[in-house]
Every structure is written in structure tokens, then in C-alpha cells.
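Given next are the chains, with one letter for each unit.
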Amino acid sequence: MHMSEVFRAEVIRVLTVDDVRVEVPSGATVVAALVIAGKLRTRRSVTRQPRFALCGIGQCQECRVTIDGKPHQLACRTICKDGMVVVTGGRA
Ligand code: FES
């Protein structure tokens, strides 16, 4: 087996990030989808400062986004699903 086959995703998930269609390999987190979509801002702080994922392990809370209408979801702890709708830029 060639190494390129090892890293080729068998299943692709399709979702939207701020109305941008994004394809990610199965098992990818929403943070990965944000990066692929070029959305390097998850939300704004109470002082309107832009924020993005920092720790990647569910501790810092900086990666909160709205997923399928539910606000304050952790992008780093959420696996992408087909048809998922992610919205960034919320205030928290
Ligand atoms: S990146 Fe820190 S909680 Fe998600």
C-alpha cells in the first residue's frame, strides 16, 4: 500500500461554515473545517476582540461557534457531520 492511500480519506463530510461549502475527511473536527474555509475567527469577546481555537482540548472555550442553531458549541470537540451548519462571529 502506497503512503498516499494511507492518508486518503474514504469518507468525506460536507458542511457549511458561514455559508461556505466545506469538505472534510470523516473524523475531522469543526476547527479543521474552519481552517479549510479560511474562517480563522470563531467569535468575538465581550470587548469585541476576535477569538480562535487555542488549546484544542476543550479547556480554553475560545473555539465556541454556533452549530445547527445551537450557540456556544466547542469546535475543537465537535466532529463534522454531513449537512452541519456552522456559524462564526457570535459574542460570548
Ligand atoms: S480550542 Fe480550547 S476549548 Fe476549543
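Here the residue numbering is sequential within each chain, running from 1 through the sequence in written order. Residues qualify for local features only when their pLDDT is at least 70, as the model is predicted, and side-chain atom pairs are given and counted only at 80 or more; totals for whole chains, interfaces and linings, by contrast, use all residues.

So, the environment of Leu54
Point 1. Note on conventions: DSSP H or I runs of at least 4 residues are helices, E runs of at least 2 residues are strands, and numbering of each starts at the N terminus. Mapping Leu54 onto the fold places it in the loop between β4 (50-51) and β5 (64-67).
Point 2. As for Leu54 and Cys76, which are separated by 22 residues in sequence, their C-alpha atoms are 9.2 Å apart.
Point 3. If we ignore the near neighbours within four places in the chain, the residues touching Leu54 are Cys60 and Glu62. Residues are scored as being in contact if the C-beta atoms we place from backbone atoms lie within 7 Å.

Side note on the nonpolar core
Point 1. Working definition: the nonpolar core is a set of buried Ala, Val, Leu, Ile, Met, Phe, Trp, Tyr and Cys residues, joined through C-beta atoms within 7 Å. Residues with at least 20 other C-beta atoms within 10 Å of their own are called buried, those with 12 or fewer are called exposed, and the rest are partly exposed. The C-beta atoms themselves are positioned from the backbone. Membership of the largest hydrophobic core comes to 17 residues, with the highest contact counts inside it found for Val30, Val31, Ala33, Cys63, Ala75 and Val86.
Point 2. At the level of secondary structure, the elements contributing two or more residues to this core comprise β1 (12-17), β2 (20-25), α2 (30-37) and β5.
Point 3. If one sorts the elements of this core by residue count, α2 sits on top with four residues.
Point 4. In this structure, Ala75 is in contact with Thr29, Val30, Val31, Leu34, Thr42, Ala53, Cys63 and Val65, ignoring residues within four places of it in sequence.

Some remarks on the environment of Pro71
Point 1. Mapped onto the elements of the fold, Pro71 is located in strand β6 (residues 70-74).
Point 2. For the pair Pro71 and Thr88, spaced 17 residues apart in sequence, the C-alpha to C-alpha distance is 9.6 Å.
Point 3. Apart from residues lying up to four places away in sequence, Pro71 is in contact with Thr66 and Gly90.

Structural notes on the pairing of β1
Point 1. Whether two strands pair comes down to DSSP finding at least two bridges between them. Here six bridges tie β1 to β2, and the two strands are oriented antiparallel to one another. Across the sheet, the residue bridging to Arg13 is Val24, located in β2.

Remarks on the sheet that holds β5
What holds strands together in a sheet is hydrogen bonding between their backbones, with the strands either parallel or antiparallel.
Point 1. The five strands are arranged β2-β1-β7-β5-β6 in an open sheet whose pairing can be described as mixed. Taken across any chain shown, the strands that pair with only one partner, and hence form the sheet edges, are β2 and β6. Neighbour-to-neighbour, the strand axes of the sheet open up by a mean angle of 40°, direction not taken into account.
Point 2. Examined bridge by bridge, β5 and β6 share three bridges and lie antiparallel to one another. The residue bridging Arg64 from the neighbouring strand is Leu74, located in β6. All axes are obtained by fitting lines to C-alpha atoms, using only the stretch in contact for helices, and the reported angles, taken between N-to-C directions, cover 0 to 180 degrees.

Observations concerning unusual backbone geometry
Point 1. Despite not being glycine, Asp18 shows a phi value in the positive range, around 50°.
Point 2. Its place among the elements puts Asp18 in the loop between β1 and β2.
Point 3. Its 16 C-beta neighbours within 10 Å are what place Asp18 among the partly exposed residues.
Point 4. The backbone phi angle of Gln61 is positive, close to 70°, even though this residue is not glycine.
Point 5. By the element assignment, Gln61 lies in the loop between β4 and β5.
Point 6. Overall, the presence of 16 C-beta atoms within 10 Å leaves Gln61 in the partly exposed class.

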